[in-house]
Amino acid sequence: MDANRTSNAVGRGSGYTSIWDLKGKVLVIAEKPKAARKIADALSQKYFVRNINNVTYFEIRDGIHQIIVASSVGHLYGLTTRENGYPVYTYQWAPLYEVEKKKTHSFNYLEALRRLCTSSSYFVNACDYDIEGSVIGYLIIKFNGDPSRAFRAKFSSLTPSELREAFQKLTRLDYEMIEAGLCRHELDWLWGINVSRALMRTVESFSKRRIILSAGRVQTPTLKYVSDIEKERNLFIPTPVYSVIPTIAKDGVKITLELVNNPIKRKNEAYALAERIRKEGFLTVESYEEHTSSISPPPPFNLGDLQEEAARIYGYSPSKTQSIAEQLYLDALISYPRTNSQKLPRGLDFKGLLTKISQISNYSGLVSELLKETKGFLQPVEGDKDDPAHPAIYPTGVKPVKLNNDQWAVYDLIVRRFLAAFAGSAVIYRSTAKFALPGVNIVFQATGQGIGNLGWYKYYPFHKPSVKALPRFREGEKVRIVEVSVKTAYTRPPQRISKIGMLRWMESVEIGTEATRATIIEKLFERKYLVNTTRGVVVTDLGLGIVETLEIFFPELVKVELTRHFERLMNDIKKGAVKREQVISEARNTLDVLIKKFNENREKVGQILSSRLGIYTPPNKCAICNREEFSNGFCTYHYKAMEQINSVYEEWREKEGISFKDYLEKIKKLKSTGKWVVEVIEHAYGGK
DNA sequence: GCAAGGTC
């Protein structure tokens, strides 16, 4: 490698530079303390461990080289403004400890980096190889060092070999990624700060109350998602679904059957069919099938999968699971948890790791069983999901000490999921018997299930399929009917909102990141857009009002597509097709138009939001609640509920042949009837 | 004080 070229043409050369060719003091900046240590380990067998203000860094010295490996702690800079009011289009980067007063820990790290930058000749951004990592390292070098003497190290895992190669193949700073990242920060800031301020000022000028309100590219579509479910549940009216359930006897065992493709439309049809079956006394076996299916182990955990499992098995909220996982990571018990990857790192010594895990008494039996079962052939299953910077979550083999119950529960899930990845598929037997009634076009069935081979369930038993016995049947066999009943069930509203459901939805539409989703969900509660009740998560009137207001005045911000739009813009910037300044100026223009329109309606919006906050009663209020009237003396929700009550009656009349009054009595008592529907019945029809 | 993004 030509040392002259590297030292003269930093930032312009298209070739690689080796860190070992740089003369003078080189400062390597990692994204987090743990990564810094791994980098130091990979670059040299010995180094000095030093510290400034309790911040540890590493110094490699060998007579020729002086390499300092230090670290950031995520972002050390944030966007801020000196202006009050809105619209606001001027902002600058400032140290995070100034912008967010709570972030005091970042002060020591930034101070240490400042001092190290001052005395260094070269800089290497060795933050995670993703857009945020590019921004984090760049801003530190820009404000404290010299970007023209800076390089980028590119690695996607912290294995020694990959790290060594990355530091021999340093490139110039990746300005394409940096510009795209800076742009994302600015766009989020412009939209978030301006719309949040618009909402707050509007309430403040109407009711003289200062209440914190917010909106943003990720939180607002998430709120819209739960708000749609809330409305659907509140307006829901169940309708009856009839089925006929025969019970048969075989070898002294009673088996209840279910209807296949239930064709029954009316109540009297159900009773007629039941009577017909009773008279017949027998059903004929139309078919009997047995089949086995094999179920592969689930992939190793990414954060979302871990959060989902901890919610399902232990009822933990996503943020609780995440903070436990972060603690386990800081205690060196598990790998980096904020990952989307379902793939274990290449080159991880599985055998060595399993041996370490077997030293932990809870797992020694399981590990020896696994080694026996696999005969030492360790090939883990992997999922499709990947992450540019981190592998799936796996245990490090470090022995846990003094974990509390919650920590143990999460750690246990991670270890078992890791073990299961190497285990064999489970084998499940399923059997289905279908029954027909001569002369009637109707089919009943019964199913059975058994476990042929536990496979990976031995290691990760939380999903174990249930066992349900079903005797063998012969085709054409006649089975005796012991009993026939008619069952009336009711249609169900969409499932109640849960935090994990919100997180899964955010993942599915790809908004937010592993590091932020749980926090953003909690933020919606902090703003009182959502509340936890004994009935589960409920969207408040304020939450519904915020969504409806934003849908009118800032419709872009309510949709998931804004994220897609930002992503396209960022890609264009990376390709050099467009400049950041141009993108920002277009965003300003868009916002400017929307804000003007919003301001023309401030009085009205202030009134609506204040009434939703419960700090103002509109003169034209709903007959049932304190919301503003929409039509016929009702607010929009109760008006819609009224419409719903009238239209769903048709279905009930056809099916049950009951009067309107009886219908109201009936649905009022059903558990899944929506809140607004019940309120209208109680109000308008004087029900008890 | 307001976003979303990192990480302790």
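Residues numbered from 1 in each chain as written. Chains lettered and ligands numbered in written order. Predicted model: local features only at pLDDT ≥ 70, side-chain atom pairs only at ≥ 80, totals over all residues. Heavy atoms only, no water.

A.B. asks: I keep staring at the protein's contact with DNA strand B and nothing clicks. Help me out?
C.D. replies: If you check the shell around DNA strand B, you find 43 residues, and the closest are Lys103, His105, Leu330, Tyr336 and Thr513. Atoms of DNA strand B within 4 Å of the protein: sugar and phosphate make up 57%, bases the balance. The separation between a phosphate oxygen of DNA strand B and a polar side-chain atom of Thr513 is 2.5 Å. Residue Arg527 places a side-chain N or O atom 3.4 Å away from a phosphate oxygen belonging to DNA strand B. (Near = heavy atom within 4 Å. Polar contact = N/O pair within 3.5 Å; in protein donor to acceptor, adjacent residues only side chain to side chain.)

A.B. asks: Would you mind going over the pairing of strand S16 (residues 478-490) with me for this structure?
C.D. replies: Two faces belong to every sheet, and in a regular strand the side chains alternate between them. Bridge analysis of strand S10 (residues 240-250) against S16 gives ten bridges, and the strand direction is antiparallel. The residue bridging Pro246 from the neighbouring strand is Val484, located in S16. Inspection of the sheet shows strand S13 (residues 282-295) paired to S16 by three bridges, in the antiparallel sense. Bridge pairing in S16 places Thr284 opposite Lys478. (Pairing = 2+ DSSP bridges. Helix = DSSP H or I, 4+ residues; strand = E, 2+ residues; numbered from the N terminus.)

A.B. asks: In this structure, what is going on with the sheet that holds strand S7 (residues 122-126)? I would like to understand it.
C.D. replies: Sheet strands pair via backbone hydrogen bonds, and the direction of the pair is either parallel or antiparallel. In space, the seven strands of this open sheet follow the order S2-S3-S4-S1-S7-S8-S9, with mixed pairing throughout. Each edge of the open sheet carries a strand with a single partner, namely strand S2 (48-52) and strand S9 (171-172).

A.B. asks: Would you explain the sheet that holds S16 in this entry?
C.D. replies: Strand order in the open sheet formed by seven strands is S11-S10-S16-S13-S14-S15-S12, and the pairing between neighbours is antiparallel. In this open sheet, the two edge strands, each paired with only one partner strand, are strand S11 (253-256) and strand S12 (258-259). Sheet topology note: the strand S14 (residues 426-437)/strand S15 (residues 440-453) ladder contains eleven bridges and is antiparallel. Bridging across to S15, Thr432 finds its partner in Thr447. Relative to S16, helix H9 (residues 267-280) is tilted by about 165°, and along the sheet it contacts S10, S13, S14, S15 and S16. (Contact = heavy atoms within 4.5 Å. Axes fitted to C-alpha atoms, helices over the stretch in contact; angles between N-to-C directions.)

A.B. asks: Sorry, what's going on with the nonpolar core here?
C.D. replies: It is characteristic of soluble globular proteins that their nonpolar side chains tend to be buried jointly. In terms of nonpolar packing, the biggest core is built from 116 residues, with Val195, Leu223, Leu530, Ile546, Phe554 and Tyr663 touching the most fellow members. Contact partners of Leu530, with chain neighbours within four places excluded, come to Leu223, Val226, Met502, Leu524, Phe525, Val537, Val538, Val539 and Thr540. (Core = buried A, V, L, I, M, F, W, Y, C linked by side-chain atoms within 4.5 Å. Buried < 20%, exposed > 50% of the residue type's maximum accessible area, 1.4 Å probe, protein only.)

A.B. asks: Honestly, the UniProt feature "domain: Topo IA-type catalytic" (unreviewed entry) in chain A in this entry has me stumped. Any pointers?
C.D. replies: Following the UniProt record, the feature "domain: Topo IA-type catalytic" (unreviewed entry) maps to residues 174-595 here. The distance separating the terminal C-alpha atoms of residues 174-595 is 35 Å; by composition the span is 46% helix and 18% strand. (UniProt positions renumbered as here; feature names shortened; annotations may be inferred.)

A.B. asks: Explain the UniProt feature "domain: Toprim" (unreviewed entry) in chain A here, please?
C.D. replies: Per the UniProt record, "domain: Toprim" (unreviewed entry) is annotated on residues 25-178. Split by type, residues 25-178 is 36% helix and 27% strand. Its first and last C-alpha atoms lie 24 Å apart.

A.B. asks: In this structure, what is going on with unusual backbone geometry? I would like to understand it.
C.D. replies: Most of the time, phi is negative for any residue but glycine, and the peptide bond is trans. Across the junction of Tyr86 and Pro87, the peptide omega takes the value -5°, indicating a cis bond. For Pro87, the location among the structural elements is in the loop between strand S5 (77-80) and strand S6 (92-95). Backbone geometry at Lys208 places phi at a positive 60°, although glycine is not the residue there. As for its position among the elements, Lys208 is in the loop between helix H7 (175-207) and helix H8 (219-234). Phi is positive for Asn632, close to 55°, though the residue is something other than glycine. Mapped onto the elements of the fold, Asn632 is located in the loop between helix H21 (602-612) and helix H22 (636-656).

A.B. asks: Teacher, can you tell me more about helix H11 (residues 318-330) here?
C.D. replies: Think of an α-helix as 3.6 residues a turn; residues three or four steps apart then line up on the same face. Relative to the 18 Å expected for 13 residues at 1.5 Å per residue, H11 spans 18 Å between its end C-alpha atoms, a close match to the ideal helical length. Buried within H11 we find Pro318, Thr321, Gln322, Ile324, Ala325, Leu328 and Tyr329. Along H11, the residues classed as buried sweep out an arc of 165° about the axis, all on the same side. Looking at the packing, one finds that the buried side of H11 touches helix H2 (33-43), helix H10 (303-314), helix H14 (405-420), helix H15 (499-508) and helix H16 (517-526). Once H11 ends, the next one or two residues include Ala332, with phi positive near 65°. (Expected span 1.5 Å × (residues − 1). Arc of directions from axis to C-beta.)

A.B. asks: How do you make sense of the pattern of salt bridges when you look at a structure like this?
C.D. replies: For side chains of opposite charge, pairing can occur when their charged atoms come near one another. Evaluation of the coordinates by the stated rule reveals 47 salt bridges. Here Arg50 ties to Glu59 by a salt bridge, and the two come within 2.6 Å at their closest N and O atoms. Judged by relative accessible area, which is 31%, Arg50 ranks as partly exposed. A residue is classified by how much of its surface remains accessible, and Glu59, at 5% relative accessible area, is buried. Arg612 serves as the salt-bridge partner of Glu548, at 3.7 Å between the closest nitrogen and oxygen. Note that Glu548 is positioned in helix H17 (residues 541-553) and Arg612 in helix H21, a separation of 64 residues in sequence. The exposure class of Arg612 is buried, given its relative accessible area of 6%. Here the salt bridges share partners, and the residues they tie into one network are Asp305, Glu308, Arg504, Glu507, Glu514 and Arg517. (Salt bridge = Lys/Arg side-chain N within 4 Å of Asp/Glu carboxyl O.)

A.B. asks: Could you clarify how one ought to interpret the domain arrangement of chain A in this entry?
C.D. replies: When the parts of a complex come together, some accessible area is lost, and that lost area is often used as the size of the interface. Domain annotation of chain A identifies domain 1 (3-173), domain 2 (184-235 + 500-612), domain 3 (240-295 + 431-460 + 471-490), domain 4 (303-420) and domain 5 (636-684). Placing a centre on the C-alpha atoms of domain 3 and another on those of domain 4 gives a separation of 42 Å. Listed by partner, the interface residues are four residues for domain 3 and eleven residues for domain 4. In total, about 750 Å² of surface goes out of reach between domain 3 and domain 4, with carbon and sulfur atoms giving 58% of it. Counting the surface domain 3 buries against domain 4, the share from its top three residues, Lys458, Tyr459 and Tyr460, is 91%. Split by residue class, the side of domain 3 that touches domain 4 holds three nonpolar, no polar and one charged. (Domains from an automatic or database assignment. Buried area = accessible area lost by both parts, 1.4 Å probe. Nonpolar A, V, L, I, M, F, W, Y, C, P; charged D, E, K, R; others polar.)

A.B. asks: Where do I start with the pairing of S11 in this structure?
C.D. replies: One ladder, built from four bridges, connects S10 with S11; its direction is antiparallel. The residue of S11 that forms the bridge with Ala249 is Lys254. Here S10 folds back onto S11, and the loop between the two strands holds two residues, one of which, Asp251, carries a positive phi near 50°.

A.B. asks: For this particular structure, what's the right way to read the environment of Ala153?
C.D. replies: Considering the arrangement of structural elements, one finds Ala153 in the loop between strand S8 (150-152) and helix H6 (160-168). Of the residues examined, Ala153 reaches a relative accessible area of 0% and is grouped as buried. Separated by 327 residues in the primary sequence, Ala153 and Arg480 place their C-alpha atoms 75 Å from one another.

A.B. asks: Before we go on, may I ask you to explain the packing of H22 against helix H24 (residues 675-684) in this structure?
C.D. replies: In a packed pair of helices, the relevant descriptors are the angle between the two axes and the axis-to-axis distance. Closest axis-to-axis distance for the H22/H24 pair is 8 Å, and the angle between their directions is 80°. Comparing the axis directions of H22 and H24 gives the class roughly perpendicular. Residues Tyr637, His638, Ala641, Met642 and Ile645 of H22 touch H24, and the partners they reach there are Trp676, Val677, Glu679, Val680 and Ile681. Split into classes, the residues belonging to the contact of H22 with H24 amount to eight nonpolar, one polar and one charged. (Parallel < 35°, antiparallel > 145°, perpendicular 65-115°, else oblique.)

A.B. asks: Before we go on, may I ask you to explain the packing of aromatic side chains in this structure?
C.D. replies: What characterises a pair of aromatic rings is the spacing of the ring centres plus the angle enclosed by the ring planes. Summed over the entire model, instances satisfying the criterion amount to 30 aromatic pairs. Considering the side-chain rings of Tyr47 and Phe58, the 5.4 Å spacing of their centres and the 75° angle between planes classify their relative orientation as edge-to-face. You can see Tyr47 sitting in the loop between H2 and S2 and its partner Phe58 sitting in strand S3 (residues 55-61), a full eleven residues away along the chain. Accessibility assignment for this pair places Tyr47 and Phe58 in one class, buried. Consider the rings of Tyr649 and Tyr663, whose centres lie 5.1 Å apart with planes at 50°: the pair is tilted. Linking Tyr649 in helix H22 with Tyr663 in helix H23 (residues 660-669), this pair joins segments that are 14 residues apart in sequence. Take Tyr663: its relative accessible area is 0%, and that puts it in the buried class. For the cation-ring pair, Arg149 lies above Tyr122, with the distance from its terminal atom to the ring centre recorded as 4.7 Å. We note Lys499 situated over the ring of Phe525; from NZ or CZ to the ring centre the distance is 4.8 Å. (Phe/Tyr/Trp six-rings, centres within 6.5 Å; stacked < 30°, edge-to-face > 60°. Lys NZ or Arg CZ within 6 Å of the ring centre and 35° of its normal.)

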